[in-house]
Amino acid sequence: MTETSFAVRAAQLLDEILEQLEAVDALEDLEMDLVDGVLTVTFDDGGKIIINRQEATEQIWVASPLGPAHFGFDDAQGCWVDDRSGETLVRTLERAFSEKMREEIELEGGF
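First, a word on scope: everything that follows refers to the structure included in this document. Bear in mind the structure is a predicted one, so any value in this text is a computation, not a measurement. (Residues numbered from 1 in each chain as written. Predicted model: local features only at pLDDT ≥ 70, side-chain atom pairs only at ≥ 80, totals over all residues. Heavy atoms only, no water.)

1. Thoughts on the pattern of salt bridges
Defined as follows: What counts as a salt bridge is simple: a side-chain nitrogen of Lys or Arg found within 4 Å of a carboxyl oxygen of Asp or Glu. Each residue is placed in one exposure class: buried if its accessible area under a 1.4 Å probe, protein chains only, is under 20% of its type's maximum, exposed if it is over 50%, and partly exposed if it falls in between.
Following the criterion strictly, the structure yields four salt bridges and no others. A salt bridge links Arg-53 to Glu-55; its shortest N-O distance comes to 2.7 Å. Here Glu-55 falls in the partly exposed class, since its relative accessible area comes to 31%.

What follows is the structure, given as structure tokens:
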């Protein structure tokens, strides 16, 4: 992937994640900010989930209560996949938000 195509794909991904999170009723009271390629979700207790792009490695990095995770785009699967566990980005985010909110959170995206 070229640097430009990664930047475009990553920007679209972060926009899509933000849109989906904002559409989940259980998350409506959380503070969500997307600034300069960094999506930060702040919980009532001060905890955060941070999702950002890493241009040099062409990865999406997630910092959450589950721990850090790095996702590369897998052309064969058509989605972002954790380079250690093989879990998809959408599944990791669902688990992280479900754990933090103590209720099942489902996202629509196939990212």
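2. Let's talk about the side chain of Asp-82
Threshold: The secondary structure listing takes helices from DSSP runs of H or I that are at least 4 residues long and strands from runs of E that are at least 2 residues long, numbered from the N terminus. Residues are treated as being in contact if the distance between any of their heavy atoms lies within 4.5 Å.
Structurally, Asp-82 is set in strand E6 (residues 79-82). Those residues within four positions of Asp-82 in sequence are excluded, and the remaining contacts are Ala-69, His-70, Phe-71 and Glu-87.

3. Section: the environment of Ile-51
One can find Ile-51 in strand E3 (residues 48-54). When its relative accessible area of 0% is taken as the criterion, Ile-51 is described as buried. In this structure, the C-alpha to C-alpha distance between Ile-51 and Val-38, residues 13 residues apart in sequence, is 5.9 Å. If we skip the residues at most four places from it in the chain, Ile-51 touches Leu-14, Ile-17, Gly-37, Val-38, Leu-39, Ile-60, Trp-61, Val-62 and Leu-93.

4. Section: the side chain of Thr-42
The topology assignment puts Thr-42 in strand E2 (residues 38-42). Exposure remark for Thr-42: the relative accessible area of 18% places this residue in the buried category. Dropping the residues within four chain positions of it, Thr-42 is found in contact with Leu-30, Glu-31, Gly-47 and Lys-48.

5. Notes on the nonpolar core
Applied cut-off: Throughout this description, the term nonpolar core refers to a set of buried Ala, Val, Leu, Ile, Met, Phe, Trp, Tyr and Cys residues connected via side-chain atoms within 4.5 Å.
Membership of the largest hydrophobic core comes to 29 residues, with the highest contact counts inside it found for Ile-17, Leu-21, Ile-51, Leu-89, Leu-93, Phe-97 and Phe-111. The element best represented in this core is helix H1 (residues 3-22), accounting for seven residues. Each residue touching Leu-89, except ones within four places of it in the same chain, is listed here: Leu-13, Ile-17, Ile-60, Val-62, Phe-71, Trp-80 and Phe-111.

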